[in-house]
Amino acid sequence: MPLRIAKASVAAAVLAVALAGCTSSTSLISKRTQGYEIPDSALQQIRPGQSQQLVTLVLGSPQSTNTFGDRTAWYYVETKVNQTAFGVTMVESRTVLAIYFDRNKKVIERAVYALQDGKAINIETRRTPSFGEDATFIDAILSSF
């Protein structure tokens, strides 16, 4: 009888170890932030009428800028990702803070965009034909005769 209990205990231990290996372990996934960390306290400090210098003091220099007409936009992008121990990266969330300035370099408005506000764009893979034809080195030599 004690041998049966010992065998059952060993089988239960082996089963427990096997099932523990099937569970998701958070130690295999690291969470990190790419780009800027945009704290809520910094967002509250940016209001219409403030200067670009104050925005630079609060948030730092922007990741990207855009000028259209006499207006300027600064963009701060925060991307939170989960990366597995095997190198697979998954985007958890993305926040884009856009700050718009007028010609006097004063804040007009600010907007916060999330991942669901974006649109997927298909990249065009067709080749644009060039003038003439593509010729290899051998083709160029043979065509000269």
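Computed from a predicted structure; not experimentally measured. (Residues numbered from 1 in each chain as written. Predicted model: local features only at pLDDT ≥ 70, side-chain atom pairs only at ≥ 80, totals over all residues. Heavy atoms only, no water.)

A. Just the side chain of Gln 52, in detail. Here Gln 52 is to be found in helix α3 (residues 52–59). When residues no more than four places from it in sequence are discounted, the contact partners of Gln 52 are Thr 72, Trp 74, Phe 101 and Lys 105. (Helix = DSSP H or I, 4+ residues; strand = E, 2+ residues; numbered from the N terminus. Contact = heavy atoms within 4.5 Å.)

B. Spatial organisation of the packing of aromatic side chains. Tallying each qualifying case throughout the model produces two aromatic pairs. When the centroid spacing of 5.1 Å and the interplanar angle of 80° are considered together, the rings of Tyr 36 and Tyr 76 count as edge-to-face. With Tyr 36 in the loop between β1 (29–35) and α2 (40–45) and Tyr 76 in strand β3 (residues 71–84), this residue pair connects regions lying 40 residues apart in the sequence. Residue Tyr 36 is classed as partly exposed on the basis of its relative accessible area of 22%. (Phe/Tyr/Trp six-rings, centres within 6.5 Å; stacked < 30°, edge-to-face > 60°. Buried < 20%, exposed > 50% of the residue type's maximum accessible area, 1.4 Å probe, protein only.)

C. Focus on unusual backbone geometry. Non-glycine residue Lys 105 carries a positive phi angle of around 60°. Within the fold, Lys 105 resides in the loop between β4 (89–101) and β5 (107–114).

D. Looking closely at the pattern of salt bridges. Tallied over the full model, the rule gives one salt bridge. Between Arg 103 and Asp 70 there is a salt bridge whose closest N-O contact spans 2.8 Å. Within this pair, whereas Arg 103 is found in the loop between β4 and β5, its partner Asp 70 is found in the loop between β2 (64–68) and β3, the two being separated by 33 residues in sequence. According to the relative accessible area criterion, Arg 103 is exposed, its value standing at 62%. (Salt bridge = Lys/Arg side-chain N within 4 Å of Asp/Glu carboxyl O.)

E. Region of the structure containing α3. Listing the buried residues of α3 in full gives Gln 52, Val 55 and Leu 59. Buried residues of α3, viewed axially, fall in a sector of 55°; they line one side. The exposed set on the far side of α3, more than 90 degrees from its buried face, consists of Gln 53 and Leu 57. Contacts from the buried residues of α3 go to α2, β3, β4 and β5. (Arc of directions from axis to C-beta.)

F. Up close: the nonpolar core. Within the largest apolar cluster, 12 residues are counted, these being Ile 38, Ala 42, Leu 43, Ile 46, Val 55, Leu 59, Trp 74, Tyr 76, Leu 97, Ile 99, Phe 101 and Val 107. Ranked by residue count, the leading element in this core is β4, at three residues. Other than its neighbours up to four places away in sequence, Ile 99 contacts Ile 46, Val 55, Leu 59, Thr 72, Ala 73, Trp 74, Tyr 76, Val 107, Glu 109 and Arg 110. (Core = buried A, V, L, I, M, F, W, Y, C linked by side-chain atoms within 4.5 Å.)

G. Representation of the pairing of β5 within the structure. Both β4 and β5 contribute to a ladder of seven bridges, which runs antiparallel. Looking across to β5, one finds that Leu 97 is bridged to Val 112. With antiparallel pairing between neighbouring strands as the criterion, β4 and β5 make up a hairpin whose turn holds five residues, including Lys 105 at a positive phi of roughly 60°. (Pairing = 2+ DSSP bridges.)

H. A look at a nonpolar patch on the surface. A grouping of Phe 137, Ile 138, Ile 141, Leu 142 and Phe 145 is seen on the molecular surface, where their side chains present a nonpolar patch of about 630 Å² in accessible area. Along the chain, the position of Leu 142 falls in helix α4 (residues 137–143). (Patch = residues over 30% accessible without salt bridge, like charges linked within 9 Å, V, L, I, M, F, W, Y side chains within 5 Å. Areas by Shrake-Rupley, 256 points an atom, 1.4 Å probe, with all protein chains shown as cover.)

I. Spotlight on the pairing of β3. As paired elements, β1 and β3 share seven bridges and run antiparallel to each other. Residue pairing for β3: Lys 31 is matched across the bridge by Asn 82. In terms of strand pairing, β2 meets β3 through five bridges, oriented antiparallel. Of the residues in β3, the one forming a bridge with Phe 68 is Arg 71. The antiparallel pairing of β2 with β3 creates a hairpin that spans two residues between the two strands, and Gly 69 there sits at a positive phi of about 65°. Inspection of the sheet shows β3 paired to β4 by 12 bridges, in the antiparallel sense. Its bridge partner being in β4, Asn 82 is matched across the sheet by Met 90. Counting the residues in the hairpin turn of β3 and β4 gives four residues, including Gly 87, whose phi is positive at 90°.

From the geometry alone we can't say anything about function, so treat these as descriptive.
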